[in-house]
Amino acid sequence: MKEQSAKINSLKHVLFGSLIGTTIEFFDFYIYANAAVLVFPQLFFPGADSTNSTLESLATFSIAFLSRPLGSAFFGHFGDKVGRKVTLVAALLTMGISTVSIGFLPSYASIGILAPILLMLCRFGQGVGLGGEWGGAVLLAIENAPPHKRAWYGMFPQLGAPIGLLLSGGTFLLLTDNMSAEDFMDYGWRIPFIASSLLVIIGFYIRLKITETPAFENSKEEQHEVKIPFFTLLKSYKNQLIFGTFAAITTFLVFYLMTVFTLSWATSDLGFTKRDALLIQLFSVLFFALFIPVSALVADKIGRRKMLIYTTIAIAFFGFFFSYFLNSGSTFLVTAFVCMGMALMGFTYGPLGTFLSELFPTTVRYSGASLTFNMAGILGAAFAPMIAIWLASNYGLTYVGFYLVTAALISLVSLLVISKQEHKF
């Protein structure tokens, strides 16, 4: 069975199959992030105070992070019991349907309070889908990888994040450049959400062509199966769940400070136009994408844990320069700041999927890796833009930097005390 799986799942199918799914998922996820800053405050949360409208919009942004662990538990259960392939297809469809539905939602002016309620429901569905997608995509890659190249294989689904961000930001930039502000607010913002259906169809087709991973097939043949993976995790792998979660919170926080918070702060308080802020963000994503494969290569040589420790220390130092760069008034320094942050994001994000997956055995790996990753999303990102805006508005940007430093110290301690055992693949 192992030989058959290896033959069917060629390197091209494995890496492209894991990359295409996360690209689609993160594209869907990030078009919501852009719209939550640029569009939704006016259309779904109208009010006299623009800051409160933005905060209410960003509150819906956090819903997906709260629902992601539910998706992890649900899809992780079936991913560990039934298989990676079927679960990945179902997660992709859940995310896709939720995203396309947003493109057809009426605004507050049309149906009142029901509009933000429906928006929150769709956002909930996005979170559930992404909660099941990420873990399966990472396992599809690393459970087909040779031992000395696990971080390299595992970084391919991670590349879906910057690619998805480039596609989403580029789409919004293209629309705002070629449409009047009135047309964009009227119907233009809907185009990316509805167009994502085409990407979902492509991803669905590719996922159907992939077979199960050798590690999962071998585990089934050896009858290594647990009745309820979630309960097994709580009973036997509590330390991995807890410290794995805290180890990953800085990854989420630095990313959403560099994207959602910076986009909002630059357009509302620093005087940047939406177009200029999006251009800076898109340029910085190139650094994110570049350093993901670099970090994977290094991580395969020195170890995933060491790579994350060194990067987390660098992020802690980076946090002390928040106010200096963003208060500089210089477009060059603001751009350099965001690029440095995204480069650090690439260094920490590249080996993260492999590191979290290696904490758990095959029988509970889907559930374990997904839960740690998505619980970290709640703690590190769900309310990060709101907290950062509140800190910056009330105490100044220096305290946003302290917020990042505190998270980095928590992650660093977790990385130092977490179990070093790597489980069989």
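Structure's up top.
Residues numbered from 1 in each chain as written. Predicted model: local features only at pLDDT ≥ 70, side-chain atom pairs only at ≥ 80, totals over all residues. Heavy atoms only, no water.

## Comments concerning helix H10 (residues 190-208)
Here H10 is 19 residues long and its end C-alpha atoms lie 28 Å apart, about the 27 Å a rise of 1.5 Å per residue gives. Within H10, the full set of buried residues consists of Arg190, Pro192, Phe193, Ser196, Val200, Gly203, Ile206 and Arg207. Along its buried surface, H10 packs onto helix H2 (11-38), helix H3 (40-43), helix H5 (84-102), helix H7 (114-142), helix H8 (150-178) and helix H9 (181-188). (Helix = DSSP H or I, 4+ residues; strand = E, 2+ residues; numbered from the N terminus. Expected span 1.5 Å × (residues − 1). Buried < 20%, exposed > 50% of the residue type's maximum accessible area, 1.4 Å probe, protein only. Contact = heavy atoms within 4.5 Å.)

## What about the pattern of salt bridges?
The tally for this structure, following the rule as stated, stands at five salt bridges. Here arginine 150 ties to glutamate 358 by a salt bridge, and the two come within 3.4 Å at their closest N and O atoms. Here the residue arginine 150 occupies a position in helix H8, and glutamate 358 occupies one in the loop between helix H18 (352-357) and helix H19 (365-382), the gap between them amounting to 208 residues. Both residues of the pair, arginine 150 and glutamate 358, count as buried. In this structure, a network of salt bridges that share partners links the residues Arg150, Asp300, Arg304 and Glu358. (Salt bridge = Lys/Arg side-chain N within 4 Å of Asp/Glu carboxyl O.)

## A short note on the layout of surface pockets
Estimates place the volume of the largest pocket at around 420 Å³. The wall of the largest pocket is formed by 20 residues, among which Ser50, Thr51, Thr54, Ser264 and Ser268 lie closest to the centre. Considered class by class, the residues forming the lining of the largest pocket number seven nonpolar, ten polar and three charged. (1 Å grid on protein atoms, 1.4 Å probe; cavity = no way out; pocket = protein on both sides within 12 Å on 5 of 7 lines; lining within 4 Å. Points joined across faces, edges and corners; volume = space filled by probe spheres on them. Nonpolar A, V, L, I, M, F, W, Y, C, P; charged D, E, K, R; others polar.)

## Notes on a nonpolar patch on the surface
There is a patch of nonpolar side chains on the surface, built from Ile313, Phe317, Phe320, Phe321, Tyr324, Trp390, Tyr395, Tyr399 and Phe402 and spanning about 1,000 Å² of accessible area. For the nonpolar patch, the secondary structure elements donating two or more residues are helix H15 (304-319) and helix H21 (397-417). Along the chain, phenylalanine 320 falls in the loop between H15 and helix H16 (322-326). (Patch = residues over 30% accessible without salt bridge, like charges linked within 9 Å, V, L, I, M, F, W, Y side chains within 5 Å. Areas by Shrake-Rupley, 256 points an atom, 1.4 Å probe, with all protein chains shown as cover.)

## Considering the packing of helix H13 (residues 238-268) against helix H17 (residues 331-349)
At a closest axis distance of 9 Å, the pairing of H13 and H17 adopts a crossing angle of 150°. It follows that H13 is roughly antiparallel to H17 by the angle criterion. Relative to H17, the crossing made by H13 is left-handed. Two secondary-structure elements touch here, H13 through Thr251, Val254, Phe255, Met258, Thr259 and Thr262 and H17 through Phe337, Val338, Gly341, Met342, Met345, Thr348 and Tyr349. (Axes fitted to C-alpha atoms, helices over the stretch in contact; angles between N-to-C directions. Parallel < 35°, antiparallel > 145°, perpendicular 65-115°, else oblique. Left-handed = near helix turned anticlockwise from the far one by under 90°.)

## What about the packing of aromatic side chains?
The full count for this structure, using the stated rule, is 32 aromatic pairs. With 5.9 Å between their ring centres and 80° between their planes, tryptophan 189 and phenylalanine 193 make a pair best called edge-to-face. Here the two residues tryptophan 189 and phenylalanine 193 agree in accessibility, since each one is buried. An aromatic cluster of at least three residues, connected via ring pairs, comprises Tyr30, Trp134, Phe252, Phe255, Tyr256, Phe288, Tyr349 and Phe373. Taking the ring centre of tyrosine 32 as reference, the NZ or CZ of arginine 123 above it sits at 4.2 Å. (Phe/Tyr/Trp six-rings, centres within 6.5 Å; stacked < 30°, edge-to-face > 60°. Lys NZ or Arg CZ within 6 Å of the ring centre and 35° of its normal.)

No statement about biological role is implied by the geometric values presented.
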